[in-house]
Amino acid sequence: MTKNTYKRRLRGRVAVFVALAAVAIALDQVTKALALARLGKGVSVALPGPLHGLRLVRNPGASLGLGSGSTWVISLIALAACLLIIVLALRTTSMAWTLALSLAFSGAAGNLIDRVAYASGFLDGAVVDFLDYGWSVGNVADIYLTLAGVAVVALIACNVQFSDRSQPKEHGGAAK
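Residues numbered from 1 in each chain as written. Predicted model: local features only at pLDDT ≥ 70, side-chain atom pairs only at ≥ 80, totals over all residues. Heavy atoms only, no water.

**What to know about the UniProt feature "transmembrane region" (unreviewed entry) in the protein chain**
The sites that carry the UniProt feature "transmembrane region" (unreviewed entry) are, in the present numbering, residues 72-90, 97-123 and 143-162. Helix makes up 100% of residues 72-90 and strand 0%, whereas the separation of the span's terminal C-alpha atoms amounts to 27 Å. (UniProt positions renumbered as here; feature names shortened; annotations may be inferred. Helix = DSSP H or I, 4+ residues; strand = E, 2+ residues; numbered from the N terminus.)

If you want it as C-alpha cells, here you go:
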C-alpha cells in the first residue's frame, strides 16, 4: 500500500469513527436528557417486552454500582480508556475494528460526560441510568459498551486483523 493510499484510508476511518461517535454520543445524551425531564424520583414506567421499564437512577459507581465511593477514580479510568481507544483507532487499518472502537469510545465518553456534567466536586458526578432490566438499570452508552465488547470478541474469533501494516521487529511485529 502506498503512503497516499494509507493516508486516504486513514482519513476515511477517522471520518467514520468521528461520525459514528458523534451520532452515538448525541443519541445517548438526548435519551438521558429525556429521562431526566420525564422520569422524576420514584417514577417508573412499565414497558412491554424484555425491558421491565424506565426508571431514573443516578449511578455514581461503575457497572452495577460497583466502586460508588471512588467515582473520581472511575472517571479517570474512563478518560484514560477514551484516550487509549482513540490511539487504537488511529493505529488500526480495519474498518470493522474502527466501528467497534467507535462504539466503545461512544459508551465510555457518554458516561464520562455525565460524570463531568453532574459533578459537584472533582469528577464525582453520577451517570444517568434509566433502562430497567429488572436485575440492573443502564443507559444507551452501556448498550454501546456491550455491543463493542461483543464486536471485539467476534473480531478476534473471526481472526480479523487489527492492522495490515508491517511492524518493525523491535516493536514486536513481524516484518512483511
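That covers the picture; the talk isn't over yet.
**Remarks on the UniProt feature "active site" (unreviewed entry) in the protein chain**
As recorded in UniProt, the feature "active site" (unreviewed entry) lies at Asp129 and Asp142. Turning to its location among the elements, Asp129 is positioned in strand β3 (residues 127-132). As for its position among the elements, Asp142 is in helix α4 (residues 140-157). Owing to a relative accessible area of 25%, Asp142 belongs among the partly exposed residues under this scheme. Filtering out sequence-adjacent residues up to four positions away, Asp142 remains in contact with Asn111 and Asp129. (Buried < 20%, exposed > 50% of the residue type's maximum accessible area, 1.4 Å probe, protein only. Contact = heavy atoms within 4.5 Å.)

**Description of the sheet that holds strand β4 (residues 137-138)**
Taken in spatial order, the 4 strands make up an open sheet running β1-β2-β3-β4, and their pairing is antiparallel. Whereas interior strands pair on both sides, the edge strands pair on one side only; in this sheet they are β1 (44-46) and β4. One ladder, built from 3 bridges, connects β1 with strand β2 (residues 53-59); its direction is antiparallel. Within β2, the position partnered with Ser44 by the bridge is Arg55. Relative to β3, helix α1 (residues 3-38) is tilted by about 80°, and along the sheet it contacts β2 and β3. (Pairing = 2+ DSSP bridges. Axes fitted to C-alpha atoms, helices over the stretch in contact; angles between N-to-C directions.)

**Description of the confidence of the model for the protein chain**
Per-residue pLDDT for the protein chain has a mean of 87; in total, 88% of the residues score no lower than 70. Model confidence for the protein chain, summarised as mean pLDDT per element, is weakest for β1 at 87 and strongest for α4 at 97. (pLDDT = per-residue confidence, 0-100.)

**Considerations on the nonpolar core**
By size, the foremost hydrophobic cluster in this structure holds 23 residues, and its most contacted members are Phe17, Cys82, Ile85, Phe105 and Phe130. With 7 residues, the top contributor of residues to this core is helix α3 (residues 95-117). If sequence neighbours within four positions are ignored, Ile85 has contacts with Phe17, Leu101, Ala104 and Phe105. (Core = buried A, V, L, I, M, F, W, Y, C linked by side-chain atoms within 4.5 Å.)

**Quick word on the packing of helix α2 (residues 71-91) against α3**
For the pair α2 and α3, interaxial distance at closest approach is 9 Å and the crossing angle is 150°. Taken together, the axes of α2 and α3 are roughly antiparallel relative to one another. As for the relative orientation of α2 and α3, their crossing is left-handed in sense. Across the interface between the two elements, Thr71, Ile74, Ser75, Ala78, Leu79, Cys82, Ile85, Ile86, Leu88 and Ala89 of α2 pack against Leu101, Ala104, Phe105, Ala108, Ala109, Leu112 and Arg115 of α3. (Parallel < 35°, antiparallel > 145°, perpendicular 65-115°, else oblique. Left-handed = near helix turned anticlockwise from the far one by under 90°.)

**A look at α3**
The end-to-end C-alpha distance of α3, which contains 23 residues, comes to 32 Å, matching closely the 33 Å that a straight helix rising 1.5 Å per residue would cover. For α3, a buried count of 17 out of 23 residues is recorded, marking the element as mostly surrounded by other parts of the structure. Looking at where α3 begins, the residue whose side-chain oxygen comes 3.3 Å from the main-chain nitrogen of Ala96 is Ser94. (Expected span 1.5 Å × (residues − 1). Polar contact = N/O pair within 3.5 Å; in protein donor to acceptor, adjacent residues only side chain to side chain.)

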